[in-house]
Structures are given as C-alpha cells and as structure tokens.
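Reading the structure
Here's the letter readout for the chains.
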Amino acid sequence: MNTDELESALRRAEDRVLGIQATLHRWARDDPRRVFDDLFNLVTDRAFLLVAWDRVRSNKGAKTAGVDGATALSIVVRVGVEGFLDGLRASLKDRSFRPVPVRERMIPKPGGKLRRLGIATITDRVVQASMKLVLEPIFEADFLPCSYGFRPGRRAHDAVAEIRYLATRPRSYEWVVEGDIKACFDEIDHTALMGRVRGRIADKRVLDLVKAFLKSGILGEDRQLRETNAGTPQGSILSPLLSNIALSVLDEYVAQRPGGPATGRCRGTAWSAELSTADLAEVRTVCPSSAGD
C-alpha cells in the first residue's frame, strides 16, 4: 500500500470509527444500565486498528521502544503498516496475542522524587489505542461534568476557569479543597477496577484484554521482572481512561453528598468534613491510598 492509498484508507477508517463511536456514546447515554456484550469485533476491526496505529505512530513516543526494541519506523521498514496490522489482527482474533511487560523508566520530579513511567511496545500500544477508541465513548457517557483530567476536549485549565467562574458569582463558593491520591496509578486495585468496568462491559474477550494489560508486568531499569498486582502503568494509553473509571466513584460520592453539586460541576467542591469508614468503603477499595487523605 503506497502513501496515497494509506492516507485514503485512513480517512475512510476515521469516518467509520467516528460514526461507531457516536453510536456507542448515544446508546450508553440513553440507557445508563446498558451493558455492552459484543465489542471485541470492534477492537479487532481493520478501521479501528488503522486509526489506532495512526495515533500511536503520530505520537512523539513512537520513537521510543518498549522491551522488544521496536519503534514505529522500524515496524514500517520491516513489515510495512498493512503487514503489521494484518498480523496483529490475526493474533487478536485467534487469541494468541499476549501483552508483554512494560519497560520501566524513572523520570525526575520536582523536589528530587522520581515518577515511574511504563513504556509499552508499539504493538501493545496499538491494541490499547484500539480498545480506547471502543471503550472511551461508553464510559464518557457516565463521567460527571466535574471530571476534567484525561478526558477528550477537557484540560486542567478548564477546571481552573470553572473555579474562577464559580468564585465570582453573586452566590459565590467560599472554599476550594485540594487533595491528592498518593501514587494513584500505582495503587489502583485491579479487582475493584474490573468490577467498575464490568458495570458496562460484558464482552469477556475485551475484559480479558483489559486484565491482561493490567497484569502484564514491569521490566525494571535494573532488568528485574516484577509482577503487577495493583495499579496501571503511568504512560500507558489505557491508563488515563482506567484511572478515570476508578476515580469516578469519588465524583459520584461527592456529587451525592448533602450540599454537594447536584450536577457535579467541580471535583471536590463540596467535600464532606466527616468521612466515615462506611462512606468511603468503595473509594478505599478502588484506590487504597486515599484512605487517610
């Protein structure tokens, strides 16, 4: 497939993906109890995989290899886009695909601390990107307006603007509460997270893929392989969506509290001063480190 053919195929694929995403989102929005049970065929759909590849290839991280040493460019040179995606699709369809451990890279943070990034292989990134194309429109229908992080068309600056707007209204808010969940990406409970995912997804093949990525392991900078019994790797394509699914329980809790924002306008604006063990049981289960925060 030459460049012009690839670009034409990509445009058609993007149109198809966008149309299906709109349908998934509408179905999820119109029926909050709907559980989707036939999504694997979309994850392995040629159009979804092609769009996923383009997003991975276009990302600046495409030059960074995972544990297999492959970059997007080396894949194009070795087997070509069409050959790569055909082989990947076949391995997904026959269930022989297995995620491999992410490559650990420690990034310095202000104050001398380190942030752990997990660098997946290009192959795993494409699968995750395809899964995100399918899953995100469904879960976006459930997320409250108070959630701004890691969501399409939203950013932290929008949350700041919302706070400024609310603070300058005639009936202004008097408090802004800032909090942090320690090592959230590292400590999300897999069992609790999968329970939240199953609230919308019943396709076992998709659930198995999500769990496989969660359990794929980490190859440390010390070359030691470590199991991942909790958390989702920071830097993973799926991790932002999975973290929002986990943290949506916190948004729901805040929005439902007496005096809380009925529309969930801003995460944390009406946090109760009295948080009992029973009240925060589910929050603790999903993200254990929040228990004393």
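Residues numbered from 1 in each chain as written. Predicted model: local features only at pLDDT ≥ 70, side-chain atom pairs only at ≥ 80, totals over all residues. Heavy atoms only, no water.

The name given to the protein chain in an unreviewed UniProt entry is RNA-directed DNA polymerase, and the organism recorded there is Micromonospora olivasterospora.

1. Some details on the environment of Leu-144
With respect to the secondary-structure elements, Leu-144 resides in the loop between helix H6 (122-140) and helix H7 (156-167). In the structure, Leu-144 is positioned 107 residues away from Asp-251 in sequence and 6.9 Å away in space, judged by C-alpha atoms. (Helix = DSSP H or I, 4+ residues; strand = E, 2+ residues; numbered from the N terminus.)

2. Quick look at the environment of Ala-202
Along the chain, Ala-202 turns up in the loop between helix H9 (190-198) and helix H10 (204-214). What makes Ala-202 partly exposed here is its relative accessible area of 42%. Counting along the chain gives 164 residues from Ala-202 to Asp-38, while the straight-line C-alpha distance between them is 7.8 Å. With residues near it in sequence (within four places) discarded, Ala-202 still touches Val-35, Phe-36, Asp-37 and Leu-207. (Buried < 20%, exposed > 50% of the residue type's maximum accessible area, 1.4 Å probe, protein only. Contact = heavy atoms within 4.5 Å.)

3. A short note on the environment of Gly-235
Residue placement: Gly-235 occurs in the loop between strand E4 (225-226) and helix H11 (239-256). Note on Gly-235: relative accessible area 60%, which makes it exposed. Setting aside chain neighbours within four positions, we find Gly-235 in contact with Leu-117 and Gly-118.

4. Overview of the pairing of strand E1 (residues 102-108)
Here E1 pairs with strand E3 (residues 218-219) via 2 bridges, running parallel. Within E3, the residue paired with Val-102 across the bridge is Ile-218. Note: E1 against strand E2 (residues 114-119), 6 bridges, orientation antiparallel. The partner of Ile-107 across the bridge, within E2, is Arg-115. In sequence, E1 turns back onto E2 through a hairpin of 5 residues, with Gly-111 there showing a positive phi of about 95 degrees. (Pairing = 2+ DSSP bridges.)

5. Digging into the sheet that holds E2
The 4 strands are arranged E2-E1-E3-E4 in an open sheet whose pairing can be described as mixed. Pairing within the sheet leaves two strands with one partner each, and these edge strands are E2 and E4.

6. Focus: H7
For H7, built from 12 residues, the straight-helix expectation of 16 Å at 1.5 Å per residue is met to within 8% by its first-to-last C-alpha distance of 17 Å. Regarding H7, the residues found buried are Ala-159, Glu-162 and Leu-166. Buried residues along H7 cover an arc of 60 degrees about the axis, so they all sit on one side. Structural note: H7 exposes His-157 and Arg-164 on the side pointing more than 90 degrees away from its buried face. (Expected span 1.5 Å × (residues − 1). Arc of directions from axis to C-beta.)

7. Comments concerning the nonpolar core
Leu-39, Trp-53, Val-126 and Ile-201 are the most contacted members of the largest nonpolar core, which has 61 residues in total. Per-element accounting of this core gives the leading share, 10 residues, to H6. If sequence neighbours within four positions are ignored, Ile-201 has contacts with Val-35, Phe-36, Leu-39, Leu-135, Ile-138, Phe-139, Val-206 and Leu-207. (Core = buried A, V, L, I, M, F, W, Y, C linked by side-chain atoms within 4.5 Å.)

8. Things to note about a negative patch on the surface
A surface patch of like charges, here negative, comprises Asp-4, Glu-5, Glu-7 and Glu-82. Looking at the negative patch, the element that brings in the most residues is helix H1 (residues 3-30), giving 3 residues. Position of Glu-7 relative to the elements: it lies in helix H1. (Patch = residues over 30% accessible without salt bridge, like charges linked within 9 Å, V, L, I, M, F, W, Y side chains within 5 Å. Areas by Shrake-Rupley, 256 points an atom, 1.4 Å probe, with all protein chains shown as cover. Salt bridge = Lys/Arg side-chain N within 4 Å of Asp/Glu carboxyl O. Lys, Arg positive; Asp, Glu negative; His and termini not counted. Charge placed at Lys NZ, Arg CZ, Asp CG, Glu CD.)

9. A few points about H10
Within the sequence span of H10, burial applies to Val-206, Leu-207, Leu-209, Val-210, Phe-213 and Leu-214. All buried residues of H10 lie within an arc of 160 degrees about the axis, which places them on one face of the element. Here H10 starts with a cap whose side-chain oxygen sits 3.0 Å from the backbone nitrogen of Arg-205, and that cap is Asp-203. (Polar contact = N/O pair within 3.5 Å; in protein donor to acceptor, adjacent residues only side chain to side chain.)

10. Let's talk about the pattern of salt bridges
What the rule picks out here adds up to 13 salt bridges. A salt bridge links Arg-95 to Asp-208; the shortest N-O distance between them is 3.4 Å. Of this pair, Arg-95 sits in the loop between helix H5 (80-93) and E1 while Asp-208 sits in helix H10; the two residues are 113 residues apart in sequence, bridging distant segments of the chain. By relative accessible area, Arg-95 is classed as partly exposed at 39%.

11. With respect to the packing of helix H3 (residues 46-58) against H6
It is the contact of H3 with H6, at a shortest axis distance of 8 Å, that shows an interaxial angle of 120 degrees. Judged by the inter-axis angle, H3 sits oblique to H6. Helix-helix and strand crossings are classified by hand; for H3 and H6 the assignment is right-handed. For the pair formed by H3 and H6, the contact residues are Phe-48, Leu-49, Val-51, Ala-52, Trp-53, Arg-55 and Val-56 on the first element and Ile-122, Arg-125, Val-126, Ala-129, Ser-130, Leu-133 and Val-134 on the second. Looking at the contact of H3 with H6 residue by residue, the class counts come to 11 nonpolar, 1 polar and 2 charged. (Axes fitted to C-alpha atoms, helices over the stretch in contact; angles between N-to-C directions. Parallel < 35°, antiparallel > 145°, perpendicular 65-115°, else oblique. Left-handed = near helix turned anticlockwise from the far one by under 90°. Nonpolar A, V, L, I, M, F, W, Y, C, P; charged D, E, K, R; others polar.)

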